Every structure is written in structure tokens, then in C-alpha cells.
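Observations on the model geometry
Read off the chains here:
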Amino acid sequence: MTDTIELDSSLRAVWRWKWMLLAGALVCSAASAGWTMLGPAKYTTSSLVSTGRVMGEELEDTYAVAQTINSPGFHAAVKVRTGDSAGAVNAEAMTGGQGRLERPTLVRITATAPTAEQASVTGQAAVDELVERHRKRFESSVASYREYEKVLAASGEPASGAADPIARRDLFE
């Protein structure tokens, strides 16, 4: 049993209807261009937020931060901050560069709105909401360093013993 495919008859049929195929492609292209041109304008703004570690302390996984920003609860909080402005927020964990592939530290927050001002307000509200949610974690991670800063500022020396030159250099850099 031999099966053969006759391409000649298929190609002849396509060639016979080539103008109809070309016209269909042109109509679809024109329709999509018109839809894009006549649709409402959308403005976007993006922010890169560094997350992950503060002074060696792990705050939160970057992927978890991006999922939090994409959650309905976060979107509702941003709407409250903007006064129910018409805008949308999206976030993604950014990777790139050697060493960052396994441990990303950046989150891109993108806000989209019908006007440039609304996009800017929505993006700023999203960043402010994220900072406010992480403020407690940040404050607890740097509390010991701030106490040490106070001791150095008050006396010029640590609480016990001679001044620590490495700590002083790190403090003043």
C-alpha cells in the first residue's frame, strides 16, 4: 500500500485563490490597525523596587512580593490610596545578570491608566503601599544597627572597649 500526497493539486488551489487570501490578510491588518488607532490611549509608568535583603537580613522573597502586588487585596489598597482612580497595577520579579538568576532582588511595578497623570498617581500609590507594608520588617531588620549608631554618635566609642574601626568605617560610609 502506497500513500502519496499530491501537492500539485493543493498548490494549484491556493494559487487560484491567492487574491482572495491576500485580500483577507489586508482586511484583517487594516481592521487591527484601526482598532489600535481608534481605541482609547493608555499610559504606563514603571518603577524598579529593590527587595530581598537589608543589611544581610532576608526580608521577603521577590517572587512573593510580585504575587502580593498582583493580588486583589493589594489592588484594592491602591484604589483606596488613589481615590478610586481608573488605573491598573502589575508586577513581576526581575532577573538578570550573573548571580541574580538564582536570587532576584528587583520587582518591576507597572501602572496603566487612561491619562498620564493617573498612571503616575497609580504607580506612586502602588510603591507607597508596598513600602508601607514592608516598613515593619525593614525597621526590625535595621534596629540593631540603629542602636549601634546611637552608641557611636553619643560617645564615639562602642559600649564596651575601644572603638571598632571597621564598624566606624561602615557607619560613616
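Attention in this report is confined to the structure presented alongside it. Owing to the predicted nature of the structure, the values given are computational and were not obtained by experimental measurement.

1. A closer look at the overall build of the chain
Secondary structure summary: the chain contains six helices and five strands in total. Secondary structure elements in the chain, listed N-terminal to C-terminal, are α-α-β-β-β-α-α-β-β-α-α. Within the span of the chain, comprising 173 residues, buried residues form 21% of the whole. Taking as baseline every contact in the chain between residues at least 6 positions apart, the subset at least 24 positions apart corresponds to 61%. With the model as given, the accessible surface of the chain reaches about 12,500 Å², and the carbon-plus-sulfur share is 59%.

2. A look at the pairing of strand S5 (residues 106–113)
With burial as the criterion, only one face of S5 is covered, namely that bearing Val-107, Ile-109, Ala-111 and Ala-113; the residues Leu-106, Arg-108, Thr-110 and Thr-112 on the opposite face remain uncovered. Taken together, the eight bridges between strand S1 (residues 43–50) and S5 define a ladder with antiparallel strand orientation. Each residue of the ladder has a partner; that of Ser-46, found in S5, is Thr-110. In this sheet, S5 lies alongside strand S4 (residues 88–94) in antiparallel orientation, the contact comprising seven bridges.

3. Looking at helix H3 (residues 62–69)
What H3 keeps buried is the set Thr-62, Val-65, Ala-66 and Ile-69. Angular distribution of buried residues about the axis of H3 spans 100°; they occupy a single face of the element.

4. Describing the pattern of salt bridges
Going through the model one piece at a time under the given rule, you end up with five salt bridges. A salt bridge links Arg-135 to Glu-132, with the nearest nitrogen and oxygen atoms 3.5 Å apart. Of this pair, Arg-135 and Glu-132 both sit in helix H5 (residues 116–155), three residues apart, roughly one helical turn. A salt bridge links Glu-139 to Arg-146, with the nearest nitrogen and oxygen atoms 2.6 Å apart. You can call Glu-139 partly exposed: its relative accessible area is 34%. Exposure remark for Arg-146: the relative accessible area of 36% places this residue in the partly exposed category. If you follow the salt bridges from partner to partner, you end up with Arg-81, Glu-129 and Arg-133 in one network.

5. Regarding the nonpolar core
In globular proteins that are soluble, nonpolar side chains generally tend to be buried together. If you look at the biggest cluster of nonpolar residues, it comprises 14 residues, and the most contacted ones within it are Ile-69, Val-107, Ile-109 and Leu-130. Here this core takes four residues from H5, the largest share from any one element.

6. A few points about the side chain of His-134
When you line up the elements, His-134 lands in helix H5. At 3.0 Å, the side chain of His-134 forms a polar contact with the backbone oxygen of Leu-130.

7. Let's talk about the sheet that holds S4
Ordered by their spatial adjacency, three strands build an open sheet running S1-S5-S4, and the pairing between neighbours is antiparallel. Where the open sheet ends on each side, the last strands, each with one partner, are S1 and S4. Averaged over all adjacent pairs, the angle separating strand axes in this sheet is 20°, with direction ignored. Its contacts with the sheet place H3 against S4 and S5, and it is angled at close to 170° to S4.

8. Structural notes on the side chain of Thr-122
Note on placement: Thr-122 falls in helix H5. Taking the relative accessible area as the measure of exposure, Thr-122 reaches 2% and is therefore buried. Separated by 2.7 Å, the side chain of Thr-122 and the backbone oxygen of Gln-118 make a polar contact. Filtering out sequence-adjacent residues up to four positions away, Thr-122 remains in contact with Val-78, Thr-82, Ser-85, Gly-87, Ala-88, Val-89 and Ala-111.

Definitions and cut-offs
- Numbering of residues starts from 1 in every chain and runs along the sequence as written.
- Given that the model is predicted, a residue must reach a pLDDT of at least 70 before its local features are reported, and side-chain atom pairs must reach 80 or more before they are shown or counted; all residues, however, enter totals for whole chains, interfaces and linings.
- With hydrogens and water set aside, each side-chain value is computed from the structure's full complement of heavy atoms.
- Numbering of helices and strands runs from the N terminus, with a helix taken as a DSSP run of H or I at least four residues long and a strand as a DSSP run of E at least two residues long.
- When accessible area is computed with a 1.4 Å probe and restricted to protein chains, residues below 20% of their type maximum are described as buried, those above 50% as exposed, and intermediate ones as partly exposed.
- Should any heavy atoms of two residues lie within 4.5 Å, those residues are considered in contact.
- Per-residue accessibility takes into account occlusion by the displayed protein chains alone, with areas from the Shrake-Rupley method and a 1.4 Å probe.
- Two strands qualify as a pair provided that DSSP identifies no fewer than 2 bridges between them.
- As used here, the arc belongs to the directions running from the helix axis to the C-beta atoms.
- What makes a salt bridge here is a side-chain nitrogen of Lys or Arg within 4 Å of a carboxyl oxygen of Asp or Glu, nothing more.
- Buried residues of nine kinds, namely Ala, Val, Leu, Ile, Met, Phe, Trp, Tyr and Cys, make up a nonpolar core once their side-chain atoms join them within 4.5 Å.
- Whenever a nitrogen or oxygen atom comes within 3.5 Å of another N or O atom, the pair is scored as a polar contact, on the condition that within protein one atom can donate a hydrogen and the other can accept it, and that pairs from neighbouring residues in sequence are kept only if both atoms are in side chains.
- For every element, the axis is a line fit to its C-alpha atoms; helices are fit only across the contacting stretch, and the angle between N-to-C directions ranges from 0 to 180 degrees.

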